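Commentary on secondary and tertiary structure
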Amino acid sequence: MVTKTFCILEFCPFNEKMAFQFNFTIDKQLEDELSALENGALNPESSGKTSVLDSQKEKLKDGKQSTKEGDLFEKPLWGCKSSEVKAFPLFDNSLAKSDEITRNLEPKEKQPCLKVAKEHDVPKDLKKMVENKVVEVIPYLQHVNLSVVKMSFLKDNSCGEDIVSKSLSSHSDLITGIYEGGLKIWECTFDLLAYLADEEVQFAGKRVLDLGCGAGLLGIIALKGKAKETHFQDYNSTVIDEVTIPNVIINSTSEFEDEVSEPDLKKRRNSNPTQQLLSKCRFFSGEWYEFSRFVLNSKKAFAKYDIILTSETIYNPSYYNAFHQTLANLLDESGQVFLASKAHYFGVGGGIHLFQKFIEEKNVFETKTLKIIDEGLKRILIKITFKHAH
């Protein structure tokens, strides 16, 4: 047995500035298994190219500063100096090993039945949701350390989906119909975050969907931009419960609230800004067809989305029909989709060019290339809108 200690500085979603210390007792065998998992055991056919994440994160710090009233961020999202980023003793390799992924998926004809969609309620005890989490900090965002989350899953067999051990045993980051990669933050997410900041994309008053959300960082940025409502969707319920919702909680501090006048200060002190922000959120898990049907048939009022944010969701061509239909069903007629993807996904065959061809053949949407990143594996950002939306 090995006991490890992690410290988190200046983190508390409940407006308490203090340091938290967590002691984890870890079985040596589990630690070795997780180390193998994080060091690439899941991707035996990966080319071994050097990750571009570190240089990516440096570039993210150079985003434009916004000074106009109503702009997306009160502070530039990626504009802080490197010294402002807190360092933690455990580096999350799940962020770093994402540049060339061999995704071992089953043949199309063997795909399982569609995973039923459901909505996840946020527990009333928010502090309990995050008390055993170790937190990583990037400029103006925080997220739970995914290595620690995976380690806890390996040790706790009560996890309903058992996605970590299945991923480890199958040597794959994805298992069709079982696990769709939500326990990694894929590098295109950082590309899209940087673009949203650089272009000062406006979220105020908008209804936003983070589709295939994983850690939910894109949706959290929409919340910081004062979106009217933000929904998060991931294939796996475990990801929503253990990663997405905790990430929204730890980012839900008073800094995201509008400035208040002096007469409102007393009211604000008695309010819970975390709960206020969470009231603008809904969380869903399940397959895309099922998710689309679920929200459209829900007894709760539903209006289509003004903006859909999605990253690294078009790796598998067999999912294109479901993905396309979900966009067609849920996007407002004047809405827009911001999508980030690698040019090609080795081992599966999907990629941005194949998807754009699919879009053209369907003749429902049109696409516009927003940015091409040539560093490392080629990555592309596109915008999708309905053809008639001009």
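Use the structure listed above.
Throughout what follows, the structure given in this document is the object of discussion. (Residues numbered from 1 in each chain as written. Predicted model: local features only at pLDDT ≥ 70, side-chain atom pairs only at ≥ 80, totals over all residues. Heavy atoms only, no water.)

Attention now goes to the environment of Leu 223. Take Leu 223: it is sitting in helix 7 (residues 217-224). Excluding anything up to four places from it in sequence, Leu 223 contacts Thr 230, Phe 232, Val 248, Leu 277, Lys 280 and Cys 281. (Helix = DSSP H or I, 4+ residues; strand = E, 2+ residues; numbered from the N terminus. Contact = heavy atoms within 4.5 Å.)

Moving on, we come to helix 6 (residues 187-198). Its 12 residues place the ends of helix 6 17 Å apart at the C-alpha level, agreeing with the 16 Å of an ideal helix rising 1.5 Å per residue. Among the 12 residues in helix 6, 11 count as buried, and that is most of the element. Burial in helix 6 covers these residues: Glu 187, Cys 188, Thr 189, Phe 190, Asp 191, Leu 192, Leu 193, Ala 194, Tyr 195, Leu 196 and Ala 197. Of the residues flanking the end of helix 6, it is Glu 200, one or two places downstream, whose phi is positive at about 50 degrees. (Expected span 1.5 Å × (residues − 1). Buried < 20%, exposed > 50% of the residue type's maximum accessible area, 1.4 Å probe, protein only.)

The element strand 7 (residues 229-234) is extensively covered by neighbouring structure, given that 5 of its 6 residues are classed as buried. Sheet topology places strand 6 (residues 207-211) next to strand 7; 5 bridges connect them, and they run parallel. Counted as the bridge partner of Arg 207 is Glu 229 from strand 7. A crossover connection joins strand 6 to the parallel strand 7 through helix 7; in handedness this β-α-β unit is right-handed. For strand 7 and strand 8 (residues 281-285), the ladder comprises 5 bridges, and the chain directions are parallel. When the bridges of strand 8 are listed, Asp 234 appears paired with Ser 285. (Pairing = 2+ DSSP bridges. Right-handed = clockwise from strand over helix to strand, strands pointing away.)

Each packed pair of helices is defined by two parameters, the angle between the axes and the distance between the axes. As a packed pair, helix 4 (residues 146-155) and helix 8 (residues 237-251) sit with axes 11 Å apart at the nearest point and diverge in direction by 125 degrees. Between helix 4 and helix 8, the angle falls in the class oblique. Considering the relative orientation of helix 4 and helix 8, their crossing is right-handed. Contacts between helix 4 and helix 8 involve Leu 146, Val 149 and Phe 153 from the former and Thr 238, Glu 242 and Val 243 from the latter. Here the contact of helix 4 with helix 8 is built from residues that sort into 4 nonpolar, 1 polar and 1 charged. (Axes fitted to C-alpha atoms, helices over the stretch in contact; angles between N-to-C directions. Parallel < 35°, antiparallel > 145°, perpendicular 65-115°, else oblique. Left-handed = near helix turned anticlockwise from the far one by under 90°. Nonpolar A, V, L, I, M, F, W, Y, C, P; charged D, E, K, R; others polar.)

To continue, consider the packing of aromatic side chains. Going through the model one piece at a time under the given rule, you end up with 14 aromatic pairs. Measuring from centroid to centroid gives 5.4 Å for Phe 302 and Tyr 305, while their planes differ by 80 degrees, and the two rings are edge-to-face. Phe 302 sits in the partly exposed class, given a relative accessible area of 22%. Look at Tyr 305 and you get buried, because its relative accessible area is 0%. Between Phe 355 and Phe 358, the aromatic rings sit 6.5 Å apart at their centres with planes inclined by 15 degrees, giving stacked as the arrangement. Of the two residues, Phe 355 and Phe 358 are both situated in helix 13 (residues 352-362); the distance of 3 residues between them amounts to about one turn of the helix. (Phe/Tyr/Trp six-rings, centres within 6.5 Å; stacked < 30°, edge-to-face > 60°.)

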